[in-house]
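Analysis of the macromolecular model
Each chain, letter by letter, is given below.
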Amino acid sequence: MTDFKALAVPGVQKLNPYVPGKPISELERELGIENIIKLASNENPLGPSPKAMAAIAPLMSELALYPDGNGFELKKALAEKHGVGMDQITLGNGSNDVLVLLAEAFLSAAHNAIYSQYSFAVYPIAIQAIGATHKMIPALGWDSDSPLGCDLDAMAAAIDAQTRLIFIANPNNPTGSFLTKQALYNFIQQVPEDVIVVLDEAYLEYSPESMRVDGSLWLSEFPNLVVTRTFSKAYGLAGLRVGYSLSHPDIANVINRIRQPFNVNSLALKAAEAAIDDADFIQKSMAVNAKGLELLCDCCDELKLRYVPSKGNFLLVDFAQDAMPIYEHLLHNGIITRPVANYGLPNSLRITIGSENQIQRLINLLPTAVA
Ligand SMILES: *Cc1c(COP(=O)(O)O)cnc(C)c1O
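This structure is a prediction, so every number in the text was calculated from the model and none was measured.

Attention now moves to the pairing of strand β6 (residues 196-200). The buried fraction of β6 amounts to 5 of the 5 residues, a majority that puts the element mostly inside the structure. Here β6 shows a buried face lined by Ile196, Val198 and Asp200 and a second buried face lined by Val197 and Leu199. Taken together, strand β5 (residues 163-169), helix α9 (residues 181-190) and β6 form a β-α-β motif whose crossover is right-handed.

The structure is reproduced here in structure tokens:
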């Protein structure tokens with residue numbers, strides 16, 4: 001039998017595949033239980049934006065047609081929202097798609113890309129798939145000002161002549177840690193102009209407006225800055241797969257060369273366009289998240305469990321022991337959380353902030369789960 005793995009390009013042989021959260025249907029099959037809740041993939045407990053649902057309902061009869069490959073209407077709406085030109089926007093089949101396109105466009109085996117330990121698992125996958133070198137920079141410790149956050153000084157020091165990309169998620173997943181405006185700005189200022197900083201803002205909508213670090217405001221100052229956003233989280237459209245980047249038009253032009261001509265489907269384009277206008281839904285999503293996060297943090301405080309203060313829609317909880325038995329206990333009681341041992345955090349679980357009822361159900365189980 002041929003060893004197909006040995007035939008794969010070296011970077012692919014070495015990479016660790018992405019481990020998704022367990023789907024509800026899978027747990028139903030395995031355990032035959034009902035009323036399962038999934039707090040494993042940072043999905044919106046409110047479901048999709050109602051405006052998005054209404055907008056796509058009449059589209060079913062048009063599914064035989066290819067989508068608008070240029071995503072004109074969505075780009076127009078996004079350009080207005082962000083005060084940028086349409087030529088600065090690249091649409092993706094999820095922002096994941098844009099991250100991969102950036103790696104494909106700017107990296108080769110001769111280059112490296114930098115990211116922090118405990119940051120989004122897609123970064124090393126995208127980098128290694130190209131055969132480029134991935135430079136993972138150790139994160140800060142639990143006892144720092146930004147627990148498990150990026151060590152920006154070390155990341156800046158790691159830049160060399162072969163560095164092409166730096167990936168930073170703010171807020172970060174799976175930790176929930178975040179960088180201040182000043183720290184991030186100072187960092188970007190130090191980055192050479194021919195190194196592209198990819199600022200992944202998948203969770204931006206969850207921080208209160210007054211504290212928000214919106215990298216898109218720096219685009220005119222830093223032509224080497226790319227900001228990515230998604231409709232998967234606060235907008236509740238993860239199943240449709242749509243995200244985008246904002247960048248200098250020249251960078252958008254480069255990515256556009258390798259993008260699949262119809263990388264965003266017609267329902268996703270329409271739903272996203274409608275969701276942008278659904279300010280009420282975003283407000284509601286933020287409020288539900290703030291409430292659930294507070295409940296869960298209070299519970300952790302009571303149980304003396306350490307956690308990373310989060311600006312996302314999830315909480316990384318450290319159980320100070322192997323987290324798998326706790327994960328299993330919750331699983332057998334119908335709650336799916338996310339183990340993060342693959343990130344090098346075997347004692348922690350990442351828990352998505354569900355609805356108040358869902359979080360209450362989890363809180364009721366936690367004391368016995370950790371006992
Ligand atoms: C969820 C997430 C994304 C978004 O993924 P999509 O492909 O847009 O669904 C991007 N970055 C981070 C850090 C995330 O957690």
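This paragraph deals with the environment of Glu43. Looking at where Glu43 falls in the secondary structure, it is placed in the loop between β1 (37-38) and α4 (50-56). Along the backbone, Glu43 and Leu237 are 194 residues apart, and their C-alpha atoms lie at a distance of 8.5 Å. Excluding its chain neighbours within four sequence positions, the residues that come into contact with Glu43 are Lys38, Asn313 and Thr352. A polar contact of 3.1 Å, which involves the side chain of Glu43, links it to the side chain of Lys38.

So, about the site of the ligand. All residues adjacent to the ligand are Gly94, Ser95, Asn96, Phe120, Asn173, Asp200, Ala202, Tyr203, Thr230, Ser232, Lys233 and Arg241. At 2.7 Å from an oxygen atom of the ligand is found a main-chain nitrogen or oxygen belonging to Ser95. Here a nitrogen atom of the ligand sits 2.6 Å away from a polar atom, N or O, in the side chain of Asp200. When isolated, the ligand has an accessible area of 390 Å², and the protein chains bury 93% of it.

This next bit is on the nonpolar core. Counting residues in hydrophobic clusters, the biggest one holds 55 residues, and the most contacted among them are Leu74, Met155, Ile166, Ile168, Phe187, Leu225 and Phe231. Taken domain by domain, this core gets at least three of its residues from each of domain 1 (21-47 + 280-370) and domain 2 (50-275). Contact partners of Leu225, with chain neighbours within four places excluded, come to Ile188, Val197, Leu199, Gly215, Trp218, Leu219, Leu246, Ser247 and His248.

Cut-offs applied
- Residues numbered from 1 in each chain as written.
- Predicted model: local features only at pLDDT ≥ 70, side-chain atom pairs only at ≥ 80, totals over all residues.
- Heavy atoms only, no water.
- Buried < 20%, exposed > 50% of the residue type's maximum accessible area, 1.4 Å probe, protein only.
- Helix = DSSP H or I, 4+ residues; strand = E, 2+ residues; numbered from the N terminus.
- Right-handed = clockwise from strand over helix to strand, strands pointing away.
- Contact = heavy atoms within 4.5 Å.
- Polar contact = N/O pair within 3.5 Å; in protein donor to acceptor, adjacent residues only side chain to side chain.
- Near = heavy atom within 4 Å.
- Areas by Shrake-Rupley, 256 points an atom, 1.4 Å probe, with all protein chains shown as cover.
- Core = buried A, V, L, I, M, F, W, Y, C linked by side-chain atoms within 4.5 Å.
- Domains from an automatic or database assignment.

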